[in-house]
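# Understanding the architecture of this molecule
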Amino acid sequence: MSINTFATLKTSITSWTKRADLTSVLDDFVLMAESRIFSDLKVIEMEARADYTPTSRYLATPTGLTSIRRIVAKSSPPVELMATSPDGLRTVYDEGSGTPSHYAILGSEIEFNRIPNVDVEIVYYAAPTALSDVNTTNAILTAYPQIYLAACMVQAGLYIVNDAMVAKWQGLYADAVSAANRKSSKFQTAGPMATVSA
């Protein structure tokens, strides 16, 4: 049976668990599985790009952001910013404005080490719309149904307290995620953008 919609995914969970008494918690399995999937996957189906004109040192993170792949200051020449921690950013902090050289994630904002006076391009991974009765499919379910099923089966195993089931499906999930990430990384063959001193 093809797993390509919210409904067929739940049907498959019921089939693989051989449990018809889990209907009331199937939506919960999918919800918890998606939280993990969207965090672990770094695949081309989740890639997005956006241009911004910052007006301060802080910029709201893009909607659906799970992780940043790169931020480029669109100066001449362009500068790929270095990622650091909020504490690390203090060591390269500049009170003035100009082309930033570093950034950090601070809650739901991106903080730059100086106030940008140039546009920035953010390439990032974004979570797709979660599955529901209204949104019946998404790009991740279409491309990687085995990841969805495995993640849901791990949740099912936790729910019914079946350690062997959890271990089995956790292994299948980890292998499928690793394979998907490796496959996508092959499309990212270009080396890092050259940087210049800011």
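Preceding this section is the structure that the text describes.
Residues numbered from 1 in each chain as written. Predicted model: local features only at pLDDT ≥ 70, side-chain atom pairs only at ≥ 80, totals over all residues. Heavy atoms only, no water.

## Quick word on the packing of aromatic side chains
- All told, the structure shown has two aromatic pairs when counted by the stated rule.
- Both rings, one in Trp-16 and one in Trp-169, keep their centres 5.3 Å apart while their planes meet at 85 degrees; by these two values the pair is edge-to-face. Of this pair, Trp-16 sits in helix α1 (residues 6–17) while Trp-169 sits in helix α6 (residues 163–185), and the two are 153 residues apart along the sequence.
- Of the residues examined, Trp-16 reaches a relative accessible area of 48% and is grouped as partly exposed.
- Judged by its relative accessible area of 8%, Trp-169 falls in the buried class. (Phe/Tyr/Trp six-rings, centres within 6.5 Å; stacked < 30°, edge-to-face > 60°. Helix = DSSP H or I, 4+ residues; strand = E, 2+ residues; numbered from the N terminus. Buried < 20%, exposed > 50% of the residue type's maximum accessible area, 1.4 Å probe, protein only.)

## Considerations on the pattern of salt bridges
- Under the definition given, this model contains nine salt bridges.
- Here Asp-27 and Lys-10 are joined by a salt bridge, their closest N and O atoms 2.9 Å apart. Here Lys-10 lies in helix α1 and Asp-27 lies in helix α2 (residues 26–40), a separation of 17 residues in the sequence.
- The salt bridge involving Asp-40 is made with Arg-36; its shortest N-O contact spans 3.7 Å. A residue pair is termed a helical-turn pair when its members lie 3 or 4 positions apart in one helix, as Asp-40 and Arg-36 do in helix α2 at four residues.
- The structure contains a network of salt bridges with shared partners spanning Arg-49, Asp-51, Lys-74 and Glu-121. (Salt bridge = Lys/Arg side-chain N within 4 Å of Asp/Glu carboxyl O.)

These values are about where atoms sit, not about what they do.
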